[in-house]
Amino acid sequence: MKKIYLILMLVISSYGYSVPLMGYGAQTCSSYLDAAEDRYGERMISFGSYAHGALTAYNIMSESELIVGRSDVKIFAPDATTLRRVLIKYCEDNLTLRFNTAVIAIWSEYGK
């Protein structure tokens, strides 16, 4: 399984350029907080789906030891309510950061 992820990462990185971040990950924490006011609104569900997907990817890469510079395995797989509260708490202190940066930060902070 590790070989498959390694091959995929090599193929993806072989293009030699970076892809700009788009979608919900590129929006700011301030946008996330605006969406959080409507807990079950379409935007909030989309932000939550993005965060869960990103955390799943980081967990898989961590377990597969594909994250450069990290020797420890971290897993952070919260339920939707916990994830919402953690992100609100983080974003209230970091309004101008990209949402993707917030997701990475909480994974780094809360992952065990």
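See the structure shown above.
Figured I'd write up the structure that's included with this text. Predicted model only: the values in this text are computed from it and were never measured.

Here we come to the state of the cysteines. Here the structure, examined in full by the defined rule, presents one disulfide. Residue pairing for Cys-29: its cysteine sulfur links by disulfide to Cys-91, the two sulfurs lying 2.4 Å apart. Here the S-S torsion is close to -50 degrees, and the disulfide linking Cys-29 with Cys-91 is therefore left-handed. Here the residue Cys-29 occupies a position in helix α2 (residues 29-36), and Cys-91 occupies one in helix α4 (residues 80-93), the gap between them amounting to 62 residues. Judged by its relative accessible area of 0%, Cys-29 is buried.

Our next topic: helix α5 (residues 99-110). The first and last C-alpha atoms of α5 sit 16 Å apart over 12 residues, in line with the 16 Å expected at 1.5 Å per residue. Every buried residue belonging to α5 is among Phe-99, Asn-100, Ala-102, Val-103, Ile-106 and Trp-107, and all of these are buried. Along the axis of α5, the buried residues cluster in a sector spanning 160 degrees; they form a single face. Against α2, α3 (42-63) and α4 lie the buried residues of α5.

Counting residues in hydrophobic clusters, the biggest one holds 23 residues, and the most contacted among them are Tyr-32, Leu-87, Phe-99, Val-103 and Ile-106. At the level of secondary structure, the elements contributing two or more residues to this core comprise α2, α3, α4 and α5. If we skip the residues at most four places from it in the chain, Ile-106 touches Phe-76, Leu-83, Val-86, Leu-87, Tyr-90 and Gly-111.

Reading the values: the criteria
Residues numbered from 1 in each chain as written. Predicted model: local features only at pLDDT ≥ 70, side-chain atom pairs only at ≥ 80, totals over all residues. Heavy atoms only, no water. Disulfide = S-S within 2.5 Å. Helix = DSSP H or I, 4+ residues; strand = E, 2+ residues; numbered from the N terminus. Buried < 20%, exposed > 50% of the residue type's maximum accessible area, 1.4 Å probe, protein only. Expected span 1.5 Å × (residues − 1). Arc of directions from axis to C-beta. Contact = heavy atoms within 4.5 Å. Core = buried A, V, L, I, M, F, W, Y, C linked by side-chain atoms within 4.5 Å.

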